[in-house]
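Chains, contacts and geometry: an overview
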Amino acid sequence: MNSVFVYCEIEDGQVAEVSQELMTKGRSLANELKCKLEAIVIGHQLEGVEEQIFPYGVDTVHVADDKRLFPYSTLPHTSIIVKLFEEQKPQIALMGASSIGRDLGPRVSSALHSGLTADCTSLVIGDHLDKKQDKNYENLLYQIRPAFGGNIIATIINPDCRPQMATVREGVMKKQVLDPKYKGKVVKLDVAKYVSDADFAVEIIERHMEKSKVNMKGAPIVVAGGYGMGSKENFQLLYDLAEVLGGEVGASRAAVDAGYVEHERQIGQTGVTVRPKLYIACGISGQIQHRAGMEESAQIIAINTDPEAPINAVADYVITGDVAEIIPKMIKYYKKNTK
Ligand code: FAD
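Residues numbered from 1 in each chain as written. Predicted model: local features only at pLDDT ≥ 70, side-chain atom pairs only at ≥ 80, totals over all residues. Heavy atoms only, no water.

1. Comments concerning the UniProt feature "domain: Electron transfer flavoprotein alpha/beta-subunit N-terminal" (unreviewed entry) in the protein chain
What counts here: UniProt positions are given in the numbering used here, feature names are shortened, and annotations may be inferred rather than shown by experiment. Secondary structure elements follow DSSP: runs of H or I no shorter than four residues count as helices, runs of E no shorter than two count as strands, and numbering proceeds from the N terminus.
Feature annotation in UniProt assigns "domain: Electron transfer flavoprotein alpha/beta-subunit N-terminal" (unreviewed entry) to the following positions: residues 4–204. Between the end C-alpha atoms of residues 4–204 the distance is 31 Å, and the span holds 27% helix and 34% strand.

2. Considering the pairing of strand β14 (residues 248–251)
For a regular strand, side-chain orientation follows a simple rule: the groups alternate between the two sheet faces. Operational definition: Only protein chains enter the accessibility calculation, which uses a 1.4 Å probe; a residue whose area is less than 20% of its type maximum is buried, one above 50% is exposed, and one in between is partly exposed. Only strands that DSSP links by at least two bridges are regarded as paired with each other. Look down the strands so they point away from you; if the path from the first strand over the helix to the second goes clockwise, the crossover is right-handed.
Side chains E248 and G250 project from β14 onto one buried face, and the interleaved V249 and A251 project onto a second face that is buried too. When strand β13 (residues 221–225) meets β14, the two strands line up parallel, connected through 4 bridges. Bridge pairing links A224 to G250 in β14. This β-α-β element, β13 to helix α6 (residues 235–245) to β14, shows right-handed connectivity.

3. Some details on the layout of surface pockets
Inclusion rule: Points on a 1 Å grid over protein atoms alone make up a cavity when a 1.4 Å probe fits among them but cannot get out, and a pocket when they form an open set with protein on both sides within 12 Å along at least five of seven lines; lining residues each have an atom within 4 Å of a point. Grid points are joined across faces, edges and corners, and a volume is the space filled by probe spheres set on the points. Each residue gets one of three labels, nonpolar for Ala, Val, Leu, Ile, Met, Phe, Trp, Tyr, Cys and Pro, charged for Asp, Glu, Lys and Arg, and polar for the others, Gly among them. Domain extents, as shown, originate in an automatic or database domain assignment.
What the largest pocket holds in volume is close to 1,500 Å³. As for the largest pocket, its lining consists of 39 residues, and the residues nearest its centre are S98, S99, E170, M209 and E210. Put simply, the parts of the chain that give the lining of the largest pocket at least two residues each are β1 (4–8), β2 (10–11), α1 (17–33) and α4 (99–112). At 3 residues, α4 tops the list of elements feeding residues into the lining of the largest pocket. Here the lining of the largest pocket is built from residues that sort into 15 nonpolar, 12 polar and 12 charged. Counting only domains with at least three residues in the lining of the largest pocket, you end up with domain 1 (4–200) and domain 2 (221–338). Looking at the second largest pocket, its volume works out to about 480 Å³. Lining the second largest pocket are 28 residues; nearest its centre among them are T121, V172, M173, R275 and E296. Listed by contribution, the elements that provide at least two residues to the lining of the second largest pocket are α1, β8 (122–130) and α8 (288–291). A per-class count over the lining of the second largest pocket returns 12 nonpolar, 9 polar and 7 charged.

Structure follows, in structure tokens:
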């Protein structure tokens, strides 16, 4: 059985979170398919990188190490992956829907004529009966994602071409080490065989990495506000609540669009995905595009004037009422009871 492959992004010597999440998912897919999980890492000074990769249950890691391969640039990374996939013929290939994955994935899939589903929210193995051809396809990758503006959840399959390629955004899949002592095999690629001089036509002269001050993903508690907060000034209530609880402030797209809060705090399909221990949704209706970014939270409290708000369907606790009355009370009683 051909392998499941994960492209591992690396920055400052660390395998990216999204790649760790994809290796976790890749391991479970490989178990189901009874095949190997393999990873490819491309960059420079990668000695020992496999120690970060094997614990996720990776059987083989292919390493392309060359000073010209860091920082990331499109052409050489594409050439290496395309040639490696032509040799190894993976059945599934996963990449992060990061700025790198979004650049690399379409290039690779176009070169291999394989197709690609971007921004999947779920990946599942399943069968497909093609009634027209009266043919049953077994063990396909169901590439599941919202489509048509989030109005439907589409399951996309690719019965005929390989690899079945998908990108997934950071935070969507769970990250879990399989076994810290898991040992696989390292295959060092002879880079010269995979790239040509033409791949280095673009030279990166300078890079500037913008670091966000907001740590939505790492926050154990997220206090998120929606359009129902009513104004930018009212959002201060959420910062106050987040401060007493030790959490971070998030928002719906409608709140971002209304200018109540900056875009980097947006949660949902076109924002970040969070899965905190506690998510407090304040004045958020809970449309599917918002829920896609928060419904895996361990506990959800919804505060809304509308008892029928869709957010209530995914909430563990529902408080029906006005945020302007409820949030100050929450702050007051939380302070009182934690003294
Ligand atoms: P509304 O839907 O207007 O809801 C406001 C809620 O506040 C209502 O339920 C109301 O009952 C309640 N309310 C009003 N006043 C009060 C009060 N005083 N106290 C308590 N409750 C009150 N949305 C996202 O959030 N994230 C995304 O990433 C995202 N991506 C999208 C991508 C696409 C392609 C599309 C088409 C849409 C996307 N959206 C996204 C938008 C999404 O469809 C909704 O429009 C948006 O989530 C609504 O935000 P909201 O719940 O804050 O506002």
